[in-house]
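Coordinate inspection notes
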Amino acid sequence: MSAFAGIVQAVTRHRGVVACLIVSADDGIVVEGTAHVGVNTAAFAALTASLHRKATRAAAAAAFGTVQVLDLEAEEGRVIAAGQGGLLVVAVTDARANFGLVRVELLRAAAGL
Amino acid sequence: MAYATSVGWAEAPLRRFVGDARVELAVLLHPSGQVLAQVGFQRALDVQTACALSAAIHATSGQLGRLVEGAPFRGLHVGGEARQFYIGALPVRGSEVLLLAVFDMESSLGIVQLYLEELRAGVAAAAPLLEAPTEPALAEDFERELDRNLAKLFGRAE
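Below: a short report on this structure. Throughout, a residue's number is its position along its own chain's written sequence, starting from 1. Here every chain gets a letter starting at A, and every ligand a number starting at 1, in the order they are written. Reporting of local features is limited, given that this is a predicted model, to residues whose pLDDT is at least 70; pairs of side-chain atoms are given and counted only at 80 or more, and all residues count toward the totals for whole chains, interfaces and linings. Where side-chain values are given, they derive from all heavy atoms of the structure, hydrogens and water being excluded.

1. Considerations on the interface of chain A and chain B
Contacts: residue pairs with any heavy atoms within 4.5 Å of one another. Counting residues at the interface gives 12 residues for chain A and 12 residues for chain B. Together, the buried faces of chain A and chain B total about 860 Å²; carbon and sulfur atoms form 55% of this surface. Of all residues in chain A, Asp-27, Arg-53 and Arg-57 of chain A give up the largest surface area on contact with chain B, accounting jointly for 45% of the area buried on that side. We count a salt bridge whenever a side-chain nitrogen from Lys or Arg sits within 4 Å of a carboxyl oxygen from Asp or Glu. At the boundary of chain A with chain B, the tally comes to 1 salt bridge. Distance and chemistry together define a polar contact, namely a pair of N or O atoms within 3.5 Å, with one atom able to donate a hydrogen and the other to accept it when in protein, and with adjacent residues in sequence counting only for side-chain atoms on both sides. Applying the counting criterion to the chain A and chain B interface returns 5 residue pairs in polar contact (both at pLDDT 80 or more). Tallied by class, residues from the side of chain A that touches chain B come to 5 nonpolar, 2 polar and 5 charged. For any pair of parts, buried area is found by adding up, for both, the accessible area (1.4 Å probe) each one loses once the two are put together. When residues are grouped by polarity, Ala, Val, Leu, Ile, Met, Phe, Trp, Tyr, Cys and Pro land in nonpolar, Asp, Glu, Lys and Arg in charged, and all others, Gly among them, in polar.

Below, the structure written as structure tokens:
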């Protein structure tokens, strides 16, 4: 088991989480993760990391400090990302997920990276 | 079946890839080093150099792959301080087209790899079929064709 398996497990046990990925923030490559069948993990990893990089630049330009949580809310689901040290924890949820709980778990997971 | 090594047909899928993946420079080339399309280069000599080096790197890494795991490596990524590059092989009609993509922090390896399949499909769809040669290919023809392709790419062709 990898060093990140515990983090992934803790996030995916929440109802509605269809994927949890540990992603390299610079490369957008999946380091560790699990996902339901049909979820394109490579695409989520690459695009979420790209969004996070751009959000980091926007926050820096506004002198807001570091990005703590990136939350993309769409019609039928959400992508949430948090991270440090060049790694991101990315959770992909459907509409059933309790966003507050998942967010707390994600922040806890990111602190453990 | 293989594809023709003339220029022009590969430009549209390459431009789409450059826009989607937000890379700075990109070249599609035949494994022999002959350029098929380029985006972002300013000088023909730079394209020629990039193609020669990319073809050599791909051949070398392919051999390394055969040594290590019995099959050629499909892609190579090198990260620099401000820029990175990726060299990968796209299977097209039983042959290969090589891609050299140079990118900075506007893109990433994951993004480049994400759009590779789309590029491969676009190149495969656009590639004109190679007509059966009536005479053997000569080294002098390679250089003349390379010069003609470069001239076409940089708008100096007749």
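There's plenty left to go through after this.
2. Focus: the pairing of strand S4 (residues 77-84) of chain A
Residue and element names in this part refer to chain A. Summarising burial for S4: 6 of the 8 residues are buried, a large majority. In this scheme, strands are said to pair when DSSP sees at least two bridges between them. Per the convention used, a helix needs a DSSP run of H or I reaching at least four residues, while a strand needs a run of E reaching at least two, with both numbered from the N terminus. As paired elements, strand S3 (residues 70-74) and S4 share 5 bridges and run antiparallel to each other. Across the sheet, residue Asp-71 finds its bridge partner in S4, namely Ile-80. Adjacent in sequence and paired antiparallel, S3 and S4 are bridged by 2 residues. Any residue under 20% of the maximum accessible area for its type is buried, any over 50% is exposed, and the rest in between are partly exposed; the area is computed with a 1.4 Å probe on protein chains only.

3. Structural notes on the nonpolar core
Residues and elements named next belong to chain B. Counting residues in hydrophobic clusters, the biggest one holds 29 residues, and the most contacted among them are Leu-14, Phe-17, Val-23, Leu-28, Leu-99 and Leu-119. Sorting the residues of this core by element identifies helix H1 (11-21), strand S1 (25-29), strand S2 (35-39), strand S4 (84-92), strand S5 (95-103), helix H3 (109-114) and helix H4 (116-126) as the ones contributing at least two each. With near-sequence residues (within four places) excluded, Phe-17 lies in contact with Arg-22, Val-23, Leu-99, Ala-101, Val-112, Tyr-115, Leu-116 and Leu-119. For the purposes of this section, nonpolar cores are sets of buried Ala, Val, Leu, Ile, Met, Phe, Trp, Tyr and Cys residues that join through side-chain atoms within 4.5 Å.

4. With respect to a nonpolar patch on the surface
Patch definition: residues with relative accessible area over 30% and no salt bridge; like charges joined within 9 Å; nonpolar side chains (Val, Leu, Ile, Met, Phe, Trp, Tyr) joined within 5 Å. Every accessible area reported is derived by Shrake-Rupley at a probe size of 1.4 Å, with residue values counting cover from the shown protein chains alone. On the surface, a cluster of nonpolar side chains totalling about 340 Å² of accessible area is made up of Leu-64, Leu-67 and Val-68 of chain B. With respect to the secondary-structure elements, Val-68 of chain B resides in helix H2 (residues 44-69).

5. A word on the pattern of salt bridges
Residue and element names in this part refer to chain A. Taken as a whole and judged by the stated rule, the model has 12 salt bridges over all chains. The partner of Glu-105 in a salt bridge is Arg-13, with the nearest N and O atoms 3.3 Å apart. Taken together, the positions of Glu-105 in helix H3 (residues 99-111) and Arg-13 in the loop between helix H1 (5-12) and strand S1 (17-24) put the pair 92 residues apart, joining distant regions of the chain. Here Arg-96 ties to Asp-94 by a salt bridge, and the two come within 3.1 Å at their closest N and O atoms. Using a relative accessible area of 48% as the deciding quantity, one classes Arg-96 as partly exposed. Because the salt bridges share partners, they merge into one network encompassing Arg-13, Glu-105 and Arg-108.

6. Brief notes about the sheet that holds S4 of chain B
Residues and elements named next belong to chain B. One open sheet accounts for 5 strands, arranged S2-S1-S5-S4-S3; its pairing is antiparallel. Of all strands in the sheet, those with a lone pairing partner are S2 and strand S3 (75-79), marking the two edges. Averaged over all pairs of adjacent strands, the angle between strand axes in this sheet comes to 15 degrees, irrespective of strand direction. Both S1 and S2 contribute to a ladder of 4 bridges, which runs antiparallel. If you follow Leu-29 over to S2, its bridge partner there is Val-35. Axis lines are fitted through C-alpha atoms, for helices just across the contact stretch, and the angle between N-to-C directions can take any value from 0 to 180 degrees.

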